[in-house]
Amino acid sequence: MYVIGIDPGPLPGIVRLQLKVVGDKWSGQSAQLVDVQALQVTPGLLGTVLEGINAATEVEVVAYERFVVGRRAGQSSSAAAGAKTRNMIGELEAWAGAGRWRRVYARSAAEVKPWATDTRLGAAGLLDLTKGMRHARDAARHALFCAVRDCGLADPLSRKAGAL
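Below or above, wherever it landed, is the structure these notes cover. (Residues numbered from 1 in each chain as written. Predicted model: local features only at pLDDT ≥ 70, side-chain atom pairs only at ≥ 80, totals over all residues. Heavy atoms only, no water.)

### Description of the pattern of salt bridges
As a reminder, the rule being used: Only one rule defines a salt bridge in this text: a Lys or Arg side-chain nitrogen within 4 Å of an Asp or Glu carboxyl oxygen. Note on conventions: DSSP H or I runs of at least 4 residues are helices, E runs of at least 2 residues are strands, and numbering of each starts at the N terminus. Three labels apply to residues, based on accessible area from a 1.4 Å probe with only protein chains included: buried if under 20% of the type maximum, exposed if over 50%, partly exposed otherwise in between.
A full pass over the atoms with the stated rule returns 8 salt bridges. Across the salt bridge formed by R141 and D118, the nearest N and O atoms sit 2.7 Å from each other. Within this pair, whereas R141 is found in helix α6 (residues 134–151), its partner D118 is found in helix α5 (residues 118–124), the two being separated by 23 residues in sequence. The class for R141 is buried, based on a relative accessible area of 11%. By relative accessible area, D118 is classed as partly exposed at 36%. With a shortest N-O distance of 3.2 Å, D138 and R141 are connected by a salt bridge. Note that D138 and R141 are positioned in helix α6 at a spacing of 3 residues, about one turn of the helix. Taken as a pair, D138 and R141 share a single burial class, namely buried. Connected through shared salt-bridge partners, R107, E111, R149 and D150 make up one network.

Structure representation (structure tokens):
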């Protein structure tokens with residue numbers, strides 16, 4: 001199973017988590033993290049990259065950062081950044097909603113970031129992978145949050161995952 005996390009914006013971040021589902025429906029299922037990949041792209045390449053990822057890996061779940069209009073959005077680096085991000089999300093939703101994936105989750109940064117801390121990303125092996133790529137790191141937060149909350153991956157900081 002593949003979970004894709006996306007941070008849309010002027011420099012989109014993309015993270016792909018590969019999960020292996022273990023167990024069965026009678027004894028319960030859980031997931032193990034098998035592989036992680038990350039990148040940042042220019043907005044014009046987002047659709048092409050996602051199309052390539054989907055063709056190669058049969059993506060089942062997509063989690064992306066929902067754009068929330070608020071004080072911080074009004075303070076972005078350019079006046080057009082918010083409009084570009086909203087347009088990108090519209091394209092992403094239209095593409096994802098075309099029956100390509102089984103599940104699509106849009107969550108605000110305020111919902112995901114308090115849980116998906118750098119400590120938790122580090123425990124999952126996502127912190128070093130996204131070093132120097134802050135948008136890919138934000139995509140990793142969404143992918144990890146979704147993998148734990150919706151796909152059966154153990155919280156990297158839990159005893160079940162091997163943490164103290």
